[in-house]
Each structure stands twice: as C-alpha cells, then as structure tokens.
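Summary of structural features
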Amino acid sequence: MEEENRILKVLESPNAMETKETKEEKTEKKPLKRLLTLDFLRGVAIFLMIPGHQLRSTYNLEWIIYSEGFGEKSGLIMFFAGAYAILATFTSAFLLISIIVNVYTAQKRVERGENPNNILKKQLITGSIIIIYGYLFEMILHPTGLVGRTVLLSEHNPVYYMLKRSFDFGTLHLIGWSIILVGLLHYFLVLRPKSRGKEKNIRALSIYVSLIIVIIVASPFLSQTIYNNFNEFPGVHLSDRQFDWPPTGAGDFFMRQFLAFLVGQYMPIFPFFAVSLMGAVIGMGLAQKKPDRRMPLFIFLTGLALLPIDVTMIIIGIIKEDYTFMYMGQAAQIFFISTFGQLSILSLCLWLIEFKGKTGRFVKISRYWRRYGAISLTIFSLEIIAVIPRYLVQMITGWNVASEAVEGAFDATLWQAVITIVFVMIFWEGLIRLWEKVNFIGTFEWVNAKLLSIGQKIPATSKRQIKDIIYNIEPITFVK
C-alpha cells in the first residue's frame, strides 16, 4: 500500500510527469483522470497572456494603464481598452486554477489513504520551488530584468534593474506562497485525522469564507495605511519606494520585502489571497464524493456579488474624473471585475463539461489549448524569448518593436504591433510543437517532476510524460 501511494502521489500531480517510456509501457498505462475544465482554462489563460504582454511592450498603452484621457476616446476604443484592461488582470486565473487543483488532489489522496503529513510536505516543497521560480523570472528572465535589459539593448545597468526587481511580488510568488499557506490551512482544518468529517468540512468552509471577507474588507484600509506611513509605498512607477536600490540597511530591505508581500506590486497577498481561498472552497466542493449540482451556479453568484463594488468605483471615477481606482491598492484596480470574469467563465465550463458531461468532442477540441496549459509555467517564465521573432520583424521592416521596447520609445503603430504579435504567436506555436517531439524535456514542469520524484521508487510502467495530459486523459464528470 505504501508503495502504491508513492506511485499515485507522482501520477496525480499536474506537473509530476516522467519522460522515458517504451511502446509496451505506454500501452499499459491507464488514462489520467483530469478535470478537463481546469486544464483547458489554464491553457486559454497562458495563450491569451502571450499577445497581451507583447502588445504592452510594443505599443504605447500608458493611457489605459494610468487611465489618462479616457473621455477623449471613441466608444469603440474605450470598449477594446476595457477588454484589454480586464484580460491583462487575468493572471490571477492561474492562481485560482492552481489552488483548486492543489486542494482537490490533496483531498483525493487522503481518501486513498495517503499520509496527510506527506501531502503537506509535498505542498510546502512545491510552493517553495515556485517562489524560487518567481525570483528567477522577475529578477533575471523578465523583459525588464537582467536578461531583458541585456538583450533588448537598454542603456541602463541591467544588474541594477535585476536588484530592484527583487522587491517585485509577482504571479509566481503569489502562487507559491498561496500553495504553502493554503496547504497549511487545509492540513489543520481538513486533512489531518482529527479534522475530518462533515462537521469539520463545514467549519473549514466557514473559516475560508470569513477570511475571504476579512481580506477584501481590510485590503483598502491596509493599503492606504501603508501608503501613508511608508514613503507612499508602493507607488505607481518603478522609481517609487518599493523598488529603491540600494536599501538603506538590512531593516529597510526586509521591511520593503514584507510590504511588497502584503500590498506591493503587482499581485500581493492583500487582496489576491482572497482568490486563493476561493480556489480552496471550490476545490473542496469538487472533491466531494457527490458534488452539489448547483455548485457552478454558486460560483457564478459569488462573482456576481462582487461586481457592484467595481461598478461603484467606476461611477465614482467618472464623477471625480479619476479612473485609477486606488481603493484596493495599486495592484488591484479592477480586482472585482477580473474576479467576476474568472468565476463566471469557470462556472460556465464546469457546468457544461463536468456537471453536464459534455466531454465527448471537447476532449479533442480542447487539446490545442491544453497543450499550452501543460507547460504554462515554462511559457510564463520564458516570455523573454519572444525577442527572437520581434528582432526578426524589426530587421526586416525597420519597425521599432524590439530594441527599445522594454521601456519605450513605443513608436510602433497599432497595426505594426499586431503584425509583430502574429509572428510571435507563430514562433511560440512552432517551438511548442517541436518541444513536444522530445517529450518537453527541459521545461520547468519536467524539472519539477524530477525534483518531486527524487527518492521515490516509481515502477517504469507507472511513469508518465507531460504529453499524457494532452493525449491520454479521462475527463472526470459528476453526471448521475
């Protein structure tokens, strides 16, 4: 039984896939049971992230980011600007999906008899690895980090910007810390033997919901308090207090790291940990033996209940002619609209796929986006390699879409930026298809699998490839 648990622990992890197999071994494998909605939405999110990030670094979007001159724009431009602003904040969708998967798989492993202490240990290790990836990405691989400032021919010192970006609390930092914090909470509230049972689940649900409310209510007050008392931390530009280098001392360094963790740019704990807790609640619900069929409706209504808050902010912004919406802090100007959008899309997909059982053709149709989702961590972290097609476009056309795009001069027109983005998407598509030919060896997901399987004796016939998430799955459904 213990050996079987060690095998299952690796097989069920979304990222824990081995890479060597024979044809005979492949035929012996059973399909991976997957929540198709989560694999699909993760792929869609990372697919949309690519053009979104490339547009921002090739075309001047400052008027959207800082809400300047909105009243002077046409209705059509306002519509597309609003759509971009919402999509640009959808990076928290990765957080929501990651925590749903984390909690769901943890509870299923406990049901199979796995030791909760081992589950918690794996969550702590996984979260720590992702936090390390977060610093690696923000400081080194980010377009405005060490590599970005080097290859994009910035006139500024790349090392200086790398050090400043150590104060940036980004998507990967948030996911890593959320896996750790939710893992600890869920262990003490649900997973350990004396915390099990229907009554304890209700208690855990009540605590999660209470924490979500507390975080949302406290966020604007905490953000404003810190803003008023710590040199206007975090500010709005990279030259602001959050990113000052060098620090005045060890105390200054660690204080600003902690403040970045709490309310800094760009995805701090307040308010985004509320999204993590929403993911925990959804993961708990999906992990029940018979999930409530009204669950997709509950998810949608939760997002809908948050929407009036942002609508109120927009109305106040119109009255004051100030659209920056600092109420939830610099990092979360349209937090509630973004959360509503994510929960609405998630509820719709869960209803159609898992609860209505519409999986037949969708398994094949969704394969394209699930391919992106299978290596989403790698695509997110290696955004910088898009400079390759961008430099090619710049060399051929003379458009300024690469060498100075990291911080301006942003003199590319919109249609030049769009054409450049098309080439970037073609480049990524080709790269992913080629990487698949070698079983995605070298991706961050592949590295994670290696790290998490150290010391575990996994039989050869049980080893998995990342490609199995794309081609060898059995959708989980809740149809009676």
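We now turn to the structure provided with this report. No experiment lies behind these values; they were computed from the predicted model shown.

1. Let's talk about the overall build of the chain
Each helix and strand in the chain was counted, giving 22 helices and two strands. Taking all 480 residues of the chain together, 55% fall into the buried category. Long-range pairs, those at least 24 residues apart, make up 79% of the contacts in the chain between residues at least 6 apart in sequence. For the chain, the accessible area works out to roughly 22100 Å², and carbon and sulfur atoms hold 66% of it.

2. Some points on unusual backbone geometry
Note that the residue after Gln-265, namely Tyr-266, is joined by a cis bond; omega there is 5°. Here Tyr-266 lies in the loop between α12 (250-263) and α13 (269-287). Here the bond from Phe-270 into Pro-271 is cis, since omega is 10°, no more than 30 degrees from zero. Structurally, the position occupied by Pro-271 is in helix α13. Notably, Asn-439 is not glycine yet its phi reads approximately 60°, a positive angle. Note that Asn-439 resides in the loop between α20 (414-437) and α21 (444-452). Look at Asn-439 and you get buried, because its relative accessible area is 15%. We note that Phe-440 has phi near 60°; this positive angle belongs to a residue other than glycine.

3. Considerations on the side chain of Asp-168
Among the secondary structure elements, Asp-168 is positioned in the loop between α9 (158-164) and α10 (171-191). We classify Asp-168 as buried; its relative accessible area is 2%. With near-sequence residues (within four places) excluded, Asp-168 lies in contact with Glu-138, His-173, Gln-242, Phe-243, Gln-265 and Tyr-266.

The rules behind these values
Residues numbered from 1 in each chain as written. Predicted model: local features only at pLDDT ≥ 70, side-chain atom pairs only at ≥ 80, totals over all residues. Heavy atoms only, no water. Helix = DSSP H or I, 4+ residues; strand = E, 2+ residues; numbered from the N terminus. Buried < 20%, exposed > 50% of the residue type's maximum accessible area, 1.4 Å probe, protein only. Contact = heavy atoms within 4.5 Å. Areas by Shrake-Rupley, 256 points an atom, 1.4 Å probe, with all protein chains shown as cover.

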